[in-house]
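Here are the chains, one letter per residue:
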Amino acid sequence: MKETAILKQALRTAYTNKKLFLLSIIFDVLFLFVYGFATAPTYLKLMENVNVIGAHAGEVVKTATRESQSMLSALSSETVAPYFNNIIWLLLILAATVYLIYCIFQALNWKIALQLTGKKINYLDYLKKFLLLNILWFILFMLYYALGFVVDIRKVLISTLTQTEPSHVLNIVLAFYLIFIAYFAVISYVKQNLGKSIKTGAGKIKQLLPSILLIAVYLLALNIVIKLLASLNPIIAVITGFILLLPAATIARIYISLIIQKA
């Protein structure tokens, strides 16, 4: 199969360029460290506000139901509104922080992947394009993240009021939406042009989507295994991540770069 041949080529490329391969892994480690350090306080405040809304949910929803008001009216009530507004602002702060950290580090890693597949690119030139391309992807991702919080709040409200498990349909819709963003985003990182990326992604979807999804599923499976290991032994989980997940992420970028260039 063509995909198997390209995967072997990606593995050979990583093996014969050990220094750049290792450097890419180091950048991923730094990205995770900086990301966690910079976003943890905002995540904590987000969850605090969600929990407060949950604590007030029962009475607010009962009032909204009694007065035939919508869920939006419940969220805009005097009791809940300040915390809901805090969530909006915290999401904006989180989005800006993640955007900058992601672009700085992942531009480095995609630049390395493209360099290993034969494209000579200056980092600053690539970073400028990367920043511009990700404006769209991050707006779409921010919408995904905001909708995810609304869905979470909805779950809290429904669970508190009815003591039943809410439907997971909205989560499934959001998952497909995230796949759509990620698919066109990685293509744009290789093509470095939004128009060409959309044209390639739409026109070559039968060739590209299965390959990109396969890599995504593999990385997700590794991530799940590492999380399970973390619940048993955090040290083993960290070691496994270094041995399997981080090298796999670097090889995945090389593979995606090759398969998109050959599409």
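A. Structural context of the nonpolar core. With 58 residues, the main nonpolar core has Leu 46, Trp 110, Tyr 126, Phe 130 and Tyr 189 as its most contacted residues. Counting residues per element, this core draws most heavily on helix α4 (residues 81-116), which supplies 18 residues.

B. Highlighting unusual backbone geometry. Within the chain, Gln 192 stands out as a residue other than glycine whose phi angle is a positive 60 degrees. Following the sequence through the fold, Gln 192 ends up in the loop between α6 (169-191) and α7 (194-203). Using a relative accessible area of 18% as the deciding quantity, one classes Gln 192 as buried.

C. Region of the structure containing the pattern of salt bridges. In the structure shown here, the tally under the stated rule is 1 salt bridge. Arg 253 is the salt-bridge partner of Asp 28, the closest N and O atoms lying 2.7 Å from each other. Placement of the pair is Asp 28 in helix α2 (residues 18-66) and Arg 253 in helix α9 (residues 234-261), with a sequence separation of 225 residues. Arg 253 matches Asp 28 in its accessibility class, with the two residues each being buried.

D. Structural context of helix α1 (residues 2-16). Between its first and last C-alpha, α1 extends 21 Å over 15 residues, near the 21 Å set by a 1.5 Å rise per residue. Three or more residues of α1 are buried, namely Ile 6, Ala 10, Thr 13 and Ala 14. In an axial view of α1, the angular spread of the buried residues amounts to 95 degrees, which keeps them on one side of the axis. Exposed and oriented more than 90 degrees from the buried face of α1 are Lys 8, Arg 12, Tyr 15 and Thr 16.

About the criteria used
- Residues numbered from 1 in each chain as written.
- Predicted model: local features only at pLDDT ≥ 70, side-chain atom pairs only at ≥ 80, totals over all residues.
- Heavy atoms only, no water.
- Core = buried A, V, L, I, M, F, W, Y, C linked by side-chain atoms within 4.5 Å.
- Buried < 20%, exposed > 50% of the residue type's maximum accessible area, 1.4 Å probe, protein only.
- Helix = DSSP H or I, 4+ residues; strand = E, 2+ residues; numbered from the N terminus.
- Salt bridge = Lys/Arg side-chain N within 4 Å of Asp/Glu carboxyl O.
- Expected span 1.5 Å × (residues − 1).
- Arc of directions from axis to C-beta.

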